[in-house]
Amino acid sequence: MISIPFTEIQNQPKIIKAKEVSIQLSARPDKYYRHGWQSWSLAAWTDLSPLPIQKPAIFHPLQINAEFAQEKNPNGSWLGAVEFSDGNILLLGALSTDAHVLLVENQLSGQFDADDGEWFAAFGQEDVVFAEYAEQLGNRLGKLKKNSAPRVWCSWYSLYTIIDEPILNKIFDKLGNLPFDVLQVDDGWQVNIGDWQANYKFPSGMNALAEKIKSTGRRAGLWLAPLLATKSSKLFCEHKDWFLRDDYGRLVSAGFNWGEPLYALDTTHPDVILWLVALMQQVRAWGFDYLKLDFLYAGALKGKRYKNMPREAAYRECLRVMREAMGMDAFFLTCGTPILPAIGMCDAIRIGPDVSHDWENYRNAHLLYNPSTPGTRNAIRTVIHRLWLGSLLHIDPDIAYFESKGNSLTTEQKTLLQDLAYVCNFKATSDLPQWITEKEFSELHSFLNTTPKVTQQSRYIFQIDDRTVDFESVVLLPKTKRGPLGLWADFLGWLGDRHFVLRFFKMLDDNALRKRRNSL
Ligand code: 9PG
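Asker: It is not clear to me how the overall build of the chain should be interpreted in this structure. Could you clarify?
Answerer: Counting its regular elements, the chain contains 17 helices and 27 strands. Radius of gyration (C-alpha) of the chain: 22 Å, near the 24 Å computed for a compact globule of 520 residues. Along the first, second and third principal axes, the C-alpha set of the chain runs to 65 × 60 × 55 Å. Counting across all 520 residues of the chain, residues that qualify as buried make up 60%. Sequence separation of 24 or more characterises 72% of the internal contacts of the chain that already satisfy a separation of 6 or more.

Asker: I tried to follow the sheet that holds strand β25 (residues 454-456) on my own but got confused; where do I start?
Answerer: What links the strands of a sheet is backbone hydrogen bonding, and the strands pair in either a parallel or an antiparallel sense. Read from one edge of the open sheet, three strands run β25-β26-β27, paired in antiparallel fashion. Every interior strand has two partners, whereas the edge strands, β25 and β27 (467-470), have only one. Each neighbouring strand pair of the sheet contributes to a mean axis angle of 25°, computed without reference to strand direction. Of the pairings in the sheet, the one linking β25 to strand β26 (residues 461-464) comprises three bridges and is antiparallel in character. Among the inter-strand pairings, Gln456 is bridged to a residue of β26, identified as Phe462.

Asker: Would you mind showing me how to read the packing of aromatic side chains here?
Answerer: The geometry of an aromatic ring pair is captured by the separation of the ring centres together with the interplanar angle, meaning the angle of the planes. Within the structure shown, the criterion is met by 29 aromatic pairs. Both rings, one in Phe6 and one in Phe123, keep their centres 5.4 Å apart while their planes meet at 85°; by these two values the pair is edge-to-face. Note that Phe6 is positioned in helix α1 (residues 6-10) and Phe123 in strand β11 (residues 117-124), a separation of 117 residues in sequence. On the basis of relative accessibility, which here comes to 6%, the residue Phe6 falls in the buried class. Where Tyr33 meets Phe130, the ring centres are 5.1 Å apart and the plane angle is 75°; that geometry is what we call edge-to-face. Separated by 97 residues along the polypeptide, Tyr33 in strand β4 (residues 31-35) and Phe130 in helix α3 (residues 126-141) bring together distant segments of the chain. Pairwise contacts between aromatic rings join Trp40, Trp189, Trp196, Trp223, Trp258, Trp286, Phe295 and Tyr297 into one cluster. Here Arg363 stacks its cationic end above the ring of Phe505, 5.0 Å away from the centre of that ring.

Asker: Looking at this structure, how should I read a nonpolar patch on the surface?
Answerer: Where nonpolar side chains cluster on the molecular surface, the patch consists of Tyr362, Leu485, Trp488, Phe491 and Trp494 and spans about 540 Å² of accessible area. Here the nonpolar patch gets four residues from one element, more than from any other, and that element is helix α16 (residues 483-496). Following the sequence through the fold, Trp494 ends up in helix α16.

Asker: What is the right way to read the packing of helix α12 (residues 376-384) against helix α13 (residues 411-424) from this model?
Answerer: For any two helices packed against each other, one specifies the crossing angle of their axes together with the interaxial distance. Across the interface, α12 lies against α13 with an axial gap of 11 Å and an inter-helix angle of 25°. In this view, α12 runs roughly parallel relative to α13, as classed from their interaxial angle. Between α12 and α13 the crossing geometry is left-handed. When α12 is examined against α13, the residues Thr376, Ile380, Val383 and Ile384 are found in contact with a partner set consisting of Leu416, Leu417, Leu420 and Cys424. Here the residues of the contact of α12 with α13 are counted per class, giving seven nonpolar, one polar and no charged.

Asker: What is the right way to read the pairing of β26 from this model?
Answerer: The side chains of a regular strand alternate between the sheet's two faces. Counting the residues that bridge the hairpin from β25 to β26 gives four residues. The pairing of β26 with β27 spans four bridges and is classified as antiparallel. For Gln463, the partnering residue across the bridge sits in β27 and is Thr468. Count of turn residues in the β26/β27 antiparallel hairpin: two residues, of which Asp465 carries a positive phi of about 50°.

Asker: What's the story with the pairing of strand β5 (residues 43-46) in this structure? I'm lost.
Answerer: Of the two faces of β5, the one lined by Ala43 and Trp45 and the one lined by Ala44 and Thr46 are each fully buried. When β4 meets β5, the two strands line up antiparallel, connected through four bridges. When the sheet's bridge partners are listed, Arg34 is paired in β5 with Ala44.

Asker: What am I meant to see in the packing of helix α5 (residues 165-174) against helix α6 (residues 205-215) here?
Answerer: Between α5 and α6, the least distance of the axes is 10 Å, while the angle of their chain directions is 15°. Between α5 and α6, the interaxial angle falls into the category roughly parallel. Judged by the sense of rotation from one axis to the other, the crossing of α5 with α6 is right-handed. Across the interface between the two elements, Glu165, Leu168, Asn169, Phe172 and Asp173 of α5 pack against Gly205, Leu209, Lys212 and Ile213 of α6.

Asker: Sorry if this is basic, but what is going on with the side chain of Thr267 here?
Answerer: Within the secondary structure, Thr267 sits in the loop between β19 (260-264) and α8 (270-286). Overall, the relative accessible area of 6% leaves Thr267 in the buried class. Apart from the residues within four sequence positions on either side, Thr267 is in contact with Leu227, Val272, Ile273, Leu276, Gly299, Ala314 and Cys318.

Asker: I tried to follow the sheet that holds strand β17 (residues 228-230) on my own but got confused; where do I start?
Answerer: Judged by pairing direction, the sheet is antiparallel, and its three strands sit side by side in the order β17-β19-β18 without closing on themselves. At either margin of the open sheet sits one strand with a lone partner, and together these are β17 and β18 (253-257). The average angle at which neighbouring strand axes cross in this sheet is 30°, direction not considered. As paired strands, β17 and β19 are joined by three bridges and run antiparallel to one another. Each residue of the ladder has a partner; that of Ala229, found in β19, is Tyr263.

Asker: What am I meant to see in the site of the ligand here?
Answerer: Taken together, 15 residues lie near the ligand, and Gln63, Tyr157, Asp186, Asp187 and Asp354 sit nearest. Asp294 places a side-chain nitrogen or oxygen 2.9 Å from an oxygen atom of the ligand. Of all elements in the fold, only α2 (60-63) and α4 (156-159) reach the threshold of two or more residues within the shell around the ligand. In the shell around the ligand, the residues fall into seven nonpolar, two polar and six charged.

Parameters at a glance
- Residues numbered from 1 in each chain as written.
- Predicted model: local features only at pLDDT ≥ 70, side-chain atom pairs only at ≥ 80, totals over all residues.
- Heavy atoms only, no water.
- Helix = DSSP H or I, 4+ residues; strand = E, 2+ residues; numbered from the N terminus.
- Rg over C-alpha atoms; globule rule 2.2 N^0.38 Å.
- Buried < 20%, exposed > 50% of the residue type's maximum accessible area, 1.4 Å probe, protein only.
- Contact = heavy atoms within 4.5 Å.
- Pairing = 2+ DSSP bridges.
- Axes fitted to C-alpha atoms, helices over the stretch in contact; angles between N-to-C directions.
- Phe/Tyr/Trp six-rings, centres within 6.5 Å; stacked < 30°, edge-to-face > 60°.
- Lys NZ or Arg CZ within 6 Å of the ring centre and 35° of its normal.
- Patch = residues over 30% accessible without salt bridge, like charges linked within 9 Å, V, L, I, M, F, W, Y side chains within 5 Å.
- Areas by Shrake-Rupley, 256 points an atom, 1.4 Å probe, with all protein chains shown as cover.
- Salt bridge = Lys/Arg side-chain N within 4 Å of Asp/Glu carboxyl O.
- Parallel < 35°, antiparallel > 145°, perpendicular 65-115°, else oblique.
- Left-handed = near helix turned anticlockwise from the far one by under 90°.
- Nonpolar A, V, L, I, M, F, W, Y, C, P; charged D, E, K, R; others polar.
- Near = heavy atom within 4 Å.
- Polar contact = N/O pair within 3.5 Å; in protein donor to acceptor, adjacent residues only side chain to side chain.

So, to be careful, I would describe these as geometric facts and stop short of saying anything about function.
Pasting the structure below:
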């Protein structure tokens, strides 16, 4: 462990090569910058008290860095920062993958999993320090920024899995002259997670779907989750030896979704690599050139791999292979991705949890303490703390809403989300042309055509053209519940780990979706 006196960093940034490094602080800081592992994990400035463990635990592999789920001290993936009473910050950040930062009493320390690596440490004004860190990361991992991010219509946040060929074709026609660059088909087109062929709802096949989109003058986008599979998939049944296992030979859980347990591919297995390359080429051959690859954390879970290498390094290598296979001319958006390994490998990265047509779900936020589940407040909170990534690649804050039908967000909340899109310079929506009013249609039209001047005035305050927008009220985290409510919360957490409970909730969701489909 290399120990650095704080005074050595106070006047100028430092790069340190070490497996472990620690900085002894001169005073107890006021705040800690927690940087979550992947797109959906929390990023936020908080006080130094322990955060409640988010629940249900069955979701840990798919929402956080599960290795640190029980850690009480403030900590985060690759980087951490502390804020002192004078407003200055000290940042310690890794310059390569497989690293973690932790604050124990007055000691800020960083640790690489396997070998030595480089650390960046700097003290001063928050924006300057984060910009310097990003610059150093860019030098090592690469900057991949194209001129401007495409404007995207995405099927997920209005139709979820109820997409089918007739409804999508109708929507593509009705989008008229709205200035979208990409129409992206999300989850719901595939036979199963792992079985990436068109399902019965797309009888004309994927070529025809891409053709239809291109005939409207836009690029065709497609969602896939290539690094994992459900237990019921053909892929899992036929290739059990392709899946990640632990030291005892047991399958590693990649969480639970789509009403089923999920398993992760071992992306260092030569046959898996061939399969992934063929899949990326297949998607391109269908005619899609905007790829939203999702649930990518599955490529970086802890396990015993075919090739013995650190898990995030293995994941980064897999991204490189998929990027090469899809071609540099494709637009590659990563989602549910561990952040640092994706830098330099993709064009854009989702930097927060999903938005939803609700502001905050009381059960998930206040009883399960889960800041990763879909919800607009969760999304804004984490995105606003990850803007520093914007100098390295396009940052996707998720979609903005304009429609009021089926949407419980207030006008102010919807405006905040639209402003977040301006701040990130990444514009997307899922609104249905048949649901939005004339007024909402024209608001969406002007949103897509506007690039306002955005300047950041402080951590949470932005000037957007002549308006001042303050995101501070959004970022607060719910307090731990005590007494009977605390017990109830624990019980809910326990229930949330049961497969039958998760399947029951899925059934309710599916029913609601069916109703939605019928109303279209
Ligand atoms: C499709 C969706 C959309 C969406 C993605 C991703 O359990 N979870 O915490 C969880 C978080 C996000 C999520 C699904 C589950 O959504 O972010 O845009 O593509 O998958 O299934």
